[in-house]
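Chain and residue survey
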Amino acid sequence: MARRKIIAGNWKMNMTPSEAVALIETLKPLVATEEADVVFCVPAIDIIPAMEAAKGSNICIGAENMYFEEKGAYTGEISPNMLTDAGVKYVIIGHSERRQYFAETDETVNKKVLKAFEHGITPIICCGETLTQREQGVTIDFIRQQVKIALLGVSAEQAATAVIAYEPIWAIGTGKVATTEQAQEVCAAIRTCVGEIYDEATAAAIRIQYGGSVSASSAPELFAQPDIDGGLVGGAALKPDFGKIVNYK
Ligand code: 13P
């Protein structure tokens with residue numbers, strides 16, 4: 001069965017609640033499609049107004065992060081129940097910015113992935129190498145390690161529903177998009193890795209996105225690759241251009 005594309009925006013730390021509502025009103029008609037899942041991952045404080053603004057549209061509201069405990073003395077964190085109660089179905093886990101600035105590790109990513117599944121939230125699990133790692137020729141080894149640790153203890157049934165976002169760190173926010181060949185090569189390697197951990201069926205079902213300077217001009221070729229099932233989009237998700245990315249065909 002053909003995998004359904006999933007095109008997600010990662011708003012990062014942008015948009016106040018009222019700006020979020022205005023942006024969704026603008027983008028709603030532009031991102032309308034029946035052909036792909038469209039997800040806007042927004043700052044926690046924007047989730048509820050964004051949900052309201054997106055009502056009746058094809059836009060699904062996701063979160064950018066979540067903690068791996070149920071509740072308690074974790075000042076400033078957001079629990080899985082808070083997300084599900086607000087209607088959230090997707091959460092980005094382990095974005096490279098969270099690894100870099102907020103000390104997330106493969107181990108905390110794994111805990112969050114397990115917790116998200118426990119609550120029926122689909123994780124968008126991020127991985128990606130630095131420029132140095134690419135130059136050292138260890139990209140695939142590094143990505144395989146990130147993916148394997150992220151999926152520890154995850155069942156095949158759960159993994160089949162997960163989303164993995166391959167985001168080379170050197171391509172994020174730099175305007176320097178990976179070549180189609182580079183993106184396809186790593187996404188294919190991720191699928192092979194998932195096949196090794198589980199089986200062919202799981203590898204064939206899991207959705208793998210590319211992220212890093214995706215634009216309206218680069219999206220069509222990237223998303224046409226056999227192992228790229230859509231994108232995780234930063235900067236361009238905050239503009240009308242996101243409509244072109246969603247309707248890339
Ligand atoms: P840009 O599209 O701005 O490069 O960001 C990519 C990203 O980090 C999405 O998670």
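The structure reproduced in this document is the subject of the present report. Every chain is numbered independently, its residues counted from 1 as its sequence is written. Local features in this predicted model are restricted to residues whose pLDDT is 70 or higher, and side-chain atom pairs enter the listing and the counts only when it is 80 or higher, whereas totals over whole chains, interfaces and linings include all residues. Hydrogens and waters are ignored; side-chain quantities use all the structure's heavy atoms.

1. Things to note about the packing of helix α5 (residues 106-118) against helix α7 (residues 139-150)
Quick note on the threshold: All axes are obtained by fitting lines to C-alpha atoms, using only the stretch in contact for helices, and the reported angles, taken between N-to-C directions, cover 0 to 180 degrees. Strands are runs of DSSP state E lasting at least two residues, helices are runs of H or I lasting at least four, and both sets are numbered from the N terminus onward. In what follows, roughly perpendicular refers to angles from 65 to 115 degrees, roughly parallel to angles under 35, roughly antiparallel to angles over 145, and oblique to any angle outside these ranges. Contact between two residues is taken to exist if any of their heavy atoms lie within 4.5 Å; hydrogens are not considered. The classification used treats Ala, Val, Leu, Ile, Met, Phe, Trp, Tyr, Cys and Pro as nonpolar, Asp, Glu, Lys and Arg as charged, and all other residues, Gly among them, as polar.
For the pair α5 and α7, interaxial distance at closest approach is 8 Å and the crossing angle is 40°. It follows from the interaxial angle that α5 and α7 lie oblique. Side by side, α5 and α7 meet where Asp 106, Glu 107, Val 109, Asn 110 and Val 113 of the first sit next to Gln 145, Gln 146, Ile 149 and Ala 150 of the second. The class makeup of the residues in the contact of α5 with α7 is 4 nonpolar, 3 polar and 2 charged.

2. Considerations on the pairing of strand β7 (residues 207-211)
Put simply, the rule reads: For every residue, the accessible area obtained with a 1.4 Å probe (protein chains only) is divided by the maximum for its type, and the residue is called buried under 20%, exposed over 50%, and partly exposed between those limits. A pair of strands is considered paired only if DSSP assigns at least 2 bridges between the two.
With 5 of 5 residues buried, β7 is to be regarded as a mostly interior element. Of the two faces of β7, the one carrying Arg 207, Gln 209 and Gly 211 and the one carrying Ile 208 and Tyr 210 are both buried. Of the strand pairs in this sheet, β7 and strand β8 (residues 230-233) are connected by 2 bridges, and their pairing is parallel. From the neighbouring strand, Tyr 210 faces β8, where its bridge partner is Gly 231.

3. Remarks on the sheet that holds strand β6 (residues 163-166)
The strand order around the closed barrel built from 8 strands is β1-β2-β3-β4-β5-β6-β7-β8, with neighbouring strands paired in parallel fashion. Adjacent strand axes in the sheet meet at a mean angle of 30° when their direction is disregarded. Here 2 bridges tie strand β3 (residues 59-63) to strand β4 (residues 90-93), and the two strands are oriented parallel to one another. Paired with Ala 63 across the strands is Val 91, a residue of β4. Against the sheet, helix α9 (residues 180-197) contacts β5 (122-127), β6 and β7, and its axis sits at roughly 145° relative to β6.

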